[in-house]
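# Summary of the model geometry
In case you want the letters, here they are:
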Amino acid sequence: MTSRLTTDSALPTRTLWSKVPEVTALFWIVKIFCTTIGETAADYLNMRLHIGLTGTTLIMSVLLIAALIWQFCTRRYVPPVYWLAVMLISVVGTLITDNLTDNFGVSLWVSTAVFSVALIATFVLWCRSEGTLSIHSIFTPKREAFYWLAVLFTFALGTAAGDLMAEQLQLGYLPSALSFGGLIALVALAHFIFRVNGVLTFWLAYILTRPLGASIGDYLSQGRDVGGLGLGTTTTSLIFLVGSVAIVAYLTVTRRDQLALREAA
């Protein structure tokens, strides 16, 4: 769901290696797995290990900063490094929303609105500065900084919107997951059938996969008394962690999602 960069074949070119993966079916699967882990791992660390929201947030933020430094130091997309950063930013994005709700009493309506505005502002600044929001153009530190900031806000927004629908509006975990899945299907239909702009549909789908993954994680992990299957946060996290590691290992070996860009010299 992203547009490709093209150049005049008559011009001299140089190879640029993208810092993010090619968008394939496996990209979306790992993305949903990471968002599910972000939801269940945050709950596991906070409640099962009794670290608390503040302690969990501090620990995971430090790990995220370390992972992002590692990511920025790489010269091209490296699957384990990239997806580690996505997984950690998923956890931190979840914790930001949880802190606002539980520690500061911010309404989910308010946090959803605030993160929506923050994400839109990030996109506006990014587009004005770089002229594109395509993830196929992520090969400079500045563009990568905009990219990861946008990703953080998508996770925080997705958490707020997912909790708003599942809990405050009492839609339930499974109906919420089906609703977000249906919206993603409509976005895909708009792109593949009606040829709606690829950059727009990519970011819409990216935002929606966050509440989808969170709803799936809550449905599997939460008790039957609140509409879940009762697998627990430990089991649910392990299931999706193993799945993520297996796919990332496959992508690392095959390099099927590595994208080389050509830029006019």
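It should be emphasised that the depicted structure is a prediction, and the values quoted were computed from it without experimental measurement.

Turning next to the UniProt feature "transmembrane region" (unreviewed entry) in the protein. Following the UniProt record, one finds the feature "transmembrane region" (unreviewed entry) at residues 49-70, 77-96, 108-126, 146-166, 172-193, 200-217 and 229-253. As a span, residues 108-126 carries 100% helix and 0% strand, and end to end its C-alpha atoms are 27 Å apart. Along residues 229-253, the helical share is 88% and the strand share 0%, with 35 Å between the first and last C-alpha atoms.

Viewed as axis vectors pointing N to C, helix α2 (residues 52-73) and helix α3 (residues 79-103) meet at an angle of 150 degrees, and their least axial separation amounts to 9 Å. Judged by the inter-axis angle, α2 sits roughly antiparallel to α3. Here α2 and α3 pass one another in a crossing that is left-handed. The residue makeup of the contact of α2 with α3, split by class, is 16 nonpolar, seven polar and two charged.

Further remarks concern the nonpolar core. Ranked by size, the top nonpolar core spans 62 residues in total, and within it Tyr82, Trp83, Trp126, Tyr147, Trp148, Trp203 and Tyr206 carry the most contacts. Among the secondary structure elements, those contributing two or more residues to this core are α1 (25-48), α2, α3, α4 (108-130), α5 (141-168), α6 (173-192), α7 (198-221) and α8 (232-254). Residues contacting Trp203, with those up to four places away along its chain left out, are Phe123, Trp126, Leu133, Ile135, Tyr147, Ala150, Val151 and Thr154.

Geometry of an aromatic ring pair is reported as the spacing of the ring centres plus the angle between the planes. Overall, the coordinates contain 19 aromatic pairs when judged by the stated rule. Ring centres 5.1 Å apart and planes at 80 degrees place the aromatic pair Phe33 and Phe240 in the edge-to-face group. One end of the pair, Phe33, is in helix α1; the other, Phe240, is in helix α8, and 207 residues separate them in sequence. Accessibility assignment for this pair places Phe33 and Phe240 in one class, buried. Ring centres of Trp126 and Trp203 lie 5.9 Å apart, and the angle between their planes is 75 degrees; this geometry places the pair in the edge-to-face category. One end of the pair, Trp126, is in helix α4; the other, Trp203, is in helix α7, with 77 residues separating them in the sequence. The buried category is assigned to Trp203, whose relative accessible area is 4%. Over the ring of Tyr206 we find Lys31; its NZ or CZ atom is 4.1 Å from the centre of that ring. The positively charged end of Arg143 is found above the aromatic ring belonging to Phe139, 5.2 Å away from the centroid.

A word on the side chain of Asn99. Its location among the elements puts Asn99 in helix α3. At 2.8 Å, the side chain of Asn99 forms a polar contact with the side chain of Asn103. The residues touching Asn99, leaving out its near neighbours within four places in the chain, are Leu53, Thr54, Thr57 and Phe104.

Where side chains of opposite charge bring their charged atoms close, a pairing between them can arise. Tallied over the entire structure, the rule returns three salt bridges. We note a salt bridge from Lys19 to Glu144, for which the minimum N-O separation is 2.8 Å. Of the two residues, Lys19 is situated in the loop between β1 (13-17) and α1 and Glu144 in helix α5; the sequence distance between them amounts to 125 residues. Glu144 shares its class with Lys19; the two are buried. Each of Glu130, Lys142 and Arg143 takes part in a single network of salt bridges with overlapping partners.

Rules of the game
- For every chain, the first residue of its written sequence is number 1, and the numbers climb from 1 along that sequence.
- Per-residue local features are limited, in this predicted model, to residues with pLDDT of at least 70; the limit for side-chain atom pairs, both in listing and counting, is 80 or more; totals at the level of whole chains, interfaces and linings are taken over all residues.
- Calculated side-chain values reflect all of the structure's heavy atoms, with hydrogen atoms and water omitted.
- UniProt positions are given in the numbering used here, feature names are shortened, and annotations may be inferred rather than shown by experiment.
- Runs of E in the DSSP output that reach at least two residues are strands. Runs of H or I that reach at least four are helices, and both are numbered from the N terminus.
- To obtain an axis, a line is fitted to C-alpha atoms, over the contacting stretch when the element is a helix, and the angle between two such axes runs from 0 to 180 degrees between their N-to-C directions.
- Working rule for angles: under 35 degrees goes down as roughly parallel, over 145 as roughly antiparallel, 65 to 115 as roughly perpendicular, anything else as oblique.
- Should the near helix be turned anticlockwise from the far one by less than a right angle, the crossing is left-handed, and should it be turned clockwise, the crossing is right-handed.
- Polar here means any residue other than Ala, Val, Leu, Ile, Met, Phe, Trp, Tyr, Cys and Pro, which are nonpolar, and Asp, Glu, Lys and Arg, which are charged; Gly is therefore polar.
- By nonpolar core we mean a set of buried residues, namely Ala, Val, Leu, Ile, Met, Phe, Trp, Tyr and Cys, connected to one another through side-chain atoms within 4.5 Å.
- For each residue, the accessible area found with a 1.4 Å probe, counting protein chains only, is set against the maximum for its type, and the residue is called buried under 20%, exposed over 50%, and partly exposed in between.
- Any two residues having at least one pair of non-hydrogen atoms within 4.5 Å are treated as being in contact.
- Between rings of Phe, Tyr and Trp, where Trp is taken as its six-membered ring, a pair exists when centres lie within 6.5 Å; planes separated by under 30 degrees are stacked, by over 60 edge-to-face, and by other angles tilted.
- When the NZ atom of lysine or the CZ atom of arginine is within 6 Å of a ring's centre and also within 35 degrees of its normal, the charge is said to sit over that ring.
- For this analysis, a polar contact is any N or O atom pair within 3.5 Å, provided that within protein one partner can donate a hydrogen and the other can accept it, and provided that sequence-adjacent residues contribute only side-chain to side-chain pairs.
- A carboxyl oxygen of Asp or Glu within 4 Å of a side-chain nitrogen of Lys or Arg is what we treat as a salt bridge.

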